[in-house]
Amino acid sequence: MSDYPILDESTRTDDGHWIHKPCGELLDGKVVHHPVWVRGMGACAGDGNVMQVVVPFCKTCGPEPSSHGAPVYAD
């Protein structure tokens, strides 16, 4: 099982692309920005760092992910 359920519904091609099996379209990727919060510094506290992750999605079947992701915590 993948971190991204859409990959479980897709097939990887020889050249590294992903095809969404239900519709036959190539998957696209969206850069999602996650603010990094530091535990122990107080609520919503951090040093301004942002983690960027490319999230796969199907333009045909949607939805497109938001570019604003949930916070991640660093210790």
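Calculation criteria
- Residues numbered from 1 in each chain as written.
- Predicted model: local features only at pLDDT ≥ 70, side-chain atom pairs only at ≥ 80, totals over all residues.
- Heavy atoms only, no water.
- pLDDT = per-residue confidence, 0-100.
- Helix = DSSP H or I, 4+ residues; strand = E, 2+ residues; numbered from the N terminus.
- Contact = heavy atoms within 4.5 Å.
- Buried < 20%, exposed > 50% of the residue type's maximum accessible area, 1.4 Å probe, protein only.
- Polar contact = N/O pair within 3.5 Å; in protein donor to acceptor, adjacent residues only side chain to side chain.

Put simply, the protein has an average pLDDT of 91, and 96% of its residues get 70 or more. Across the protein, the secondary-structure element scoring lowest on mean pLDDT is strand β5 (residues 72–74), at 86, and the one scoring highest is strand β2 (residues 18–20), at 97.

If you trace the backbone, P71 turns up in the loop between β4 (50–57) and β5. Between the C-alpha atom of P71 and that of W37, which follows or precedes it by 34 residues, the distance is 6.5 Å. In this view, P71 contacts P35 and W37; residues no more than four positions away in its chain are not counted.

The subject of this paragraph is the side chain of H34. Residue placement: H34 occurs in strand β3 (residues 28–38). What H34 contacts, discounting residues up to four positions off in sequence, is N49, V50, M51, V53, G69, A70 and V72.

The next subject is the side chain of H20. Among the structural elements, H20 can be located in strand β2. When its relative accessible area of 3% is taken as the criterion, H20 is described as buried. Side chain to side chain, H20 and E9 meet in a polar contact 2.9 Å long. Filtering out sequence-adjacent residues up to four positions away, H20 remains in contact with I6, E9, S10, E25, L27, C58 and C61.

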